[in-house]
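# What the coordinates show
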Amino acid sequence: MIIPNPEGVALALSDRMQRFARCIYYYETMHQETTAADPQSSQLVSVVIPVYNVVQYLDECLTSVVKQTYQNLEIILIDDGSTDGSGALCDQWQSQYSNIATYHQTNQGLSAARNAGIEASRGRYLLFVDSDDWIEPTLVGDSLAALTQNDVDVVIYSFNQRAQNGEISGISQFAVAFPDTQTTSSANALRYIFHEQIANYSWSMMAESHLYRDNDIRFPVGYTMEDLATTYKVLSSSRNVHFLSKRLYNYRRRPNSILTANNLAVVVGARYAVSGLIQYFHSYDADLKTEAYNYGMKFLLHYLFYLYNLREIISEESFMLQRAALLTDIDGIKNNLDGGQLTAVNKLKWLGCKLHLIPVLSRISALRNPDL
């Protein structure tokens, strides 16, 4: 019996070898045809969802994930010591879907939960979803198509801002400023963040998982503002980035969430994250370093003003300690930049601090920067 190999060369083999070779030949042919028809279908996407006391939102979140138009997913639920039944609900979902895996741990915070998800993930691509949010049906499919068709490491998409009840609650400044669909360098993607045309949220992008592993990028355990501390590292480690100007993520702003609650930990987290950013970009080229430093300074000024709005609900000792630390950090950045390198806004706010106008500036900042 004679069969052709893929190059069309006739091979004469024993009957047993012929049968074996024919099986291999047809398997490879069918595999190649399937891949040609849908080259993305074999790419596993890991969806990491940290869970903590969100029992009223979790079903909506997970429903949006399991109903994605792209189905080759592993869904990793990290129950971070929930006390409201969220952990048991995770187990119920796991029992219904073979691609859902639930891990339970003592409460360690959002960063530790995300890190546990990274360690458990096996997919080529990595996506984070917060458990009180939900995603549009085509988020994974659209993002994967953008990644593969444009040969990029990261895709960043826009989002809808939602109220606690799920209704649209205005349009975020980031959604308004989001760039047109395009592929750009990692340096330019960083500039879009520094100029606040895109947000630095970890859930606003899908990336090659090796970026986290190869560059040892993990979220800072024990601190809030974890996205500010990590997103720039992911973008900086990438070859290039694609912006997808579709609102594929639904971000629910809750009054008792980490970012919206009056919380001194946010101030401490911002200081920690900006300190890491300044160190990271210290050796970069002058232009990008200047933009990174101004971005960090803007964040510190914002949280200095935010601190003044907390003054009535925290101890005076805590207030004075954090105020002194923030002013020192801000002066440190300014001293590393020539006067002409400071943005006009940062320069005016810094002068306002020196003129003891912080209480006034704090009220203005609270009105003008709701998304920070």
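That block above? That's the structure.
The following paragraphs examine the structure supplied in this document. (Residues numbered from 1 in each chain as written. Predicted model: local features only at pLDDT ≥ 70, side-chain atom pairs only at ≥ 80, totals over all residues. Heavy atoms only, no water.)

For the rest of this paragraph, the subject is the side chain of Arg 254. When you line up the elements, Arg 254 lands in the loop between strand E11 (240-252) and helix H10 (264-280). In this structure Arg 254 comes out as buried when scored by relative accessible area, which is 13%. There is a polar contact of 2.8 Å between the side chain of Arg 254 and the side chain of Asp 132. (Helix = DSSP H or I, 4+ residues; strand = E, 2+ residues; numbered from the N terminus. Buried < 20%, exposed > 50% of the residue type's maximum accessible area, 1.4 Å probe, protein only. Polar contact = N/O pair within 3.5 Å; in protein donor to acceptor, adjacent residues only side chain to side chain.)

As a general feature of sheets, a regular strand has side chains that alternate between the two faces. Across the 13 residues of E11, 10 count as buried, placing the element largely inside the fold. Sheet analysis places strand E8 (residues 154-162) next to E11, joined by nine bridges and oriented parallel. By the bridge assignment, Gln 161 is partnered in E11 with Tyr 251. The sheet contact formed by strand E9 (residues 182-185) and E11 spans four bridges and is antiparallel. (Pairing = 2+ DSSP bridges.)

Turning next to a nonpolar patch on the surface. A cluster of nonpolar residues, Leu 355, Leu 357, Val 360 and Ile 364, forms a patch on the protein surface that exposes about 350 Å² of accessible area. Looking at where Val 360 falls in the secondary structure, it is placed in helix H14 (residues 358-368). (Patch = residues over 30% accessible without salt bridge, like charges linked within 9 Å, V, L, I, M, F, W, Y side chains within 5 Å. Areas by Shrake-Rupley, 256 points an atom, 1.4 Å probe, with all protein chains shown as cover. Salt bridge = Lys/Arg side-chain N within 4 Å of Asp/Glu carboxyl O.)

What follows concerns helix H13 (residues 344-354). Among the residues making up H13, those that are buried are Asn 346, Lys 349, Trp 350, Gly 352 and Cys 353. Burial along H13 is one-sided: seen end-on, the buried residues are contained in an arc of 155°. Turned more than 90 degrees from where H13 packs its buried face, Ala 344 and Leu 348 sit exposed. Just downstream of H13, His 356 is the residue with a positive phi angle, here 60°. (Arc of directions from axis to C-beta.)

With that out of the way, let us pick up the packing of helix H11 (residues 286-310) against H13. At a minimum axis distance of 10 Å, the contact between H11 and H13 shows a crossing angle of 40°. The pairing of H11 with H13 is recorded here as oblique in orientation. Between H11 and H13 the crossing geometry is left-handed. Residue-level contacts link Asn 294, Met 297, Lys 298, Leu 301, Leu 304 and Phe 305 of H11 to Asn 346, Lys 349, Trp 350 and Cys 353 of H13. (Axes fitted to C-alpha atoms, helices over the stretch in contact; angles between N-to-C directions. Parallel < 35°, antiparallel > 145°, perpendicular 65-115°, else oblique. Left-handed = near helix turned anticlockwise from the far one by under 90°. Contact = heavy atoms within 4.5 Å.)

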